[in-house]
Amino acid sequence: MKHELVIQTRGLTRYYGARAVVQDLHLEVPRGSVFAFLGRNGSGKTTTIRMLLGLVSPTRGGGSLLGCDIRALTPAIRARVGYLTEEHQLYGWMKVREMGAFQAPFYPRWQEKIFQGVIGHFGLKPEAKVKELSRGQRAGLSLALTLAPDPELLILDDPALGLDPVARRSLVESMIYLTRRADRTIFFSSHNLADVERVADHMAVLDFSVLRACCPLETFRSSVQEVQLRFAGPPPALPAIPGLLQAFRTERELRVTCIHYNGETERALRQLSPLSLEILPMGLEDAFISYLGERGEKSFILADAEVAS
Amino acid sequence: MNFNIVISTGSSTPIYKQITDQVKRAVVSGQLTVADPLPSVRALAESLVLNPNTVARAYADLAREGIIETRPGRGVFIIHKRKVFAREEGWRRLEPLLEALLGEAMALDFTPEELKAALDQKLSEWQPPAGDKSKESQ
């Protein structure tokens, strides 16, 4: 149960013309996780999500969703998945209450309590006209419509996009509320690393169509480290350091960001005979930016990757 | 008891560590004492808006260090009993902090005497005075 995967892809690839949008993706999402799918704009996140849902067919490779081949998803499987897109289909002329009543009959497991709970949480009045709602309120209504069918797997494509801080907090609270059921999985893409840090326990990083990390959040964070070296004079030239991401030099200081910092890395840095060598803790956002902004060799972080000790 | 945990995202300190640090500080300062209750994992996760696994990890660390105890069906309580290897483990953790302190002090041209004096000063401020607890609750 613990290691059951609700999403699994093997070499998932999609081309648009000659351009690879998603390349050889091996993604694994364990059941019960809150999984953040990260990457810069245009890195292929939405295409990946659409392939997972069977809305775009892969050029090569494949995968499974709740154990079912993504090329042959059945209505029964789809009914167990909640999907929130950037632009949820909402009817402007309906009232909030009517939107709920309209959707409910399509879903055998529809829970009116959840629908009411979420719209209440976003401060929506049941009698309000959909077309008069603010962006945050529309997002709240979309979320209510996605959560009320009580999905086993929730896939949210950039749910925080364009939300103000209050609406964003309501969104994160709703996601945390959902984790009350340990068997529910949330897979969401986001650019907001503060939210990710609060709510996610696993993450994947997509970079220029290629998967660069798929691991627990803490593994990622502890795999990227910044080392501060102090010197009596100008710092010497940097030799080849294994896992080097970035280096900054000032008059008497060298700051090096590396991945999988270990004894070997430390030996290489000690060879420069610095006055002091100190490992500085790094926040998730800084780690993420260093990782994607790297100029050296490409690396990959996995759940069982070597972690600095 | 007005013990509150405050979380900041984007910090270089992981959230689980912010929780353990704040509980430990509250115990050291006498703000929390033996048998005081802490919120359940779920309650704390929802009030701080955090993934429950993060809170669970913090509580597991605190339990392993003998600072809290979960009594099934009753809740989470401060116990603060020392483990046998606590000293040894403590030194292992203190060592790199001392190294960092010395390195920083040297780089800033402090003399050993100045450093010692500063440390003594800090220690005298840090020590919770006896009987402080009654003041705390007023």
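Everything here concerns the structure above.
Residues numbered from 1 in each chain as written. Chains lettered and ligands numbered in written order. Predicted model: local features only at pLDDT ≥ 70, side-chain atom pairs only at ≥ 80, totals over all residues. Heavy atoms only, no water.

Q: I would appreciate a short explanation of helix 3 (residues 96-103) of chain A in the present structure.
A: Residues separated by three or four positions in an α-helix point in the same direction, a consequence of the helix having 3.6 residues per turn. Residue and element names in this part refer to chain A. Buried within helix 3 we find V96, M99, G100 and Q103. Burial along helix 3 is one-sided: seen end-on, the buried residues are contained in an arc of 95 degrees. Contacts from the buried residues of helix 3 go to helix 4 (112-121) and helix 5 (135-147). (Buried < 20%, exposed > 50% of the residue type's maximum accessible area, 1.4 Å probe, protein only. Helix = DSSP H or I, 4+ residues; strand = E, 2+ residues; numbered from the N terminus. Arc of directions from axis to C-beta. Contact = heavy atoms within 4.5 Å.)

Q: I tried to follow the packing of helix 5 of chain A against helix 6 (residues 165-178) of chain A on my own but got confused; where do I start?
A: Between two packed helices, what matters for the description is the angle formed by their axes and the separation of those axes. All names here are of chain A. Here helix 5 crosses helix 6 at 15 degrees, and the two axes come no closer than 10 Å. Accordingly, the angle class assigned to the pair helix 5 and helix 6 is roughly parallel. You can see that helix 5 and helix 6 cross each other, and the crossing is right-handed. Note on element contacts: helix 6 touches helix 5 through A167, L171, S174 and L178, opposite G136, L143 and L147. Residues that form the contact of helix 5 with helix 6 fall into these classes: 5 nonpolar, 2 polar and no charged. (Axes fitted to C-alpha atoms, helices over the stretch in contact; angles between N-to-C directions. Parallel < 35°, antiparallel > 145°, perpendicular 65-115°, else oblique. Left-handed = near helix turned anticlockwise from the far one by under 90°. Nonpolar A, V, L, I, M, F, W, Y, C, P; charged D, E, K, R; others polar.)

Q: In this structure, what is going on with the pattern of salt bridges? I would like to understand it.
A: Residue and element names in this part refer to chain A. Tallied over the full model, the rule gives 22 salt bridges over all chains. Salt-bridge contacts for D207 lead to R212; the nearest nitrogen and oxygen are separated by 2.7 Å. Per residue, the accessibility class of D207 equals that of R212, and both read buried. The shortest N-O distance in the salt bridge between E266 and R270 comes to 3.0 Å. Separated by 4 residues within a single helix, E266 and R270 lie in helix 9 (residues 263-270), roughly one turn from each other. For E266, a relative accessible area of 26% translates into the label partly exposed. Note on R270: relative accessible area 43%, which makes it partly exposed. (Salt bridge = Lys/Arg side-chain N within 4 Å of Asp/Glu carboxyl O.)

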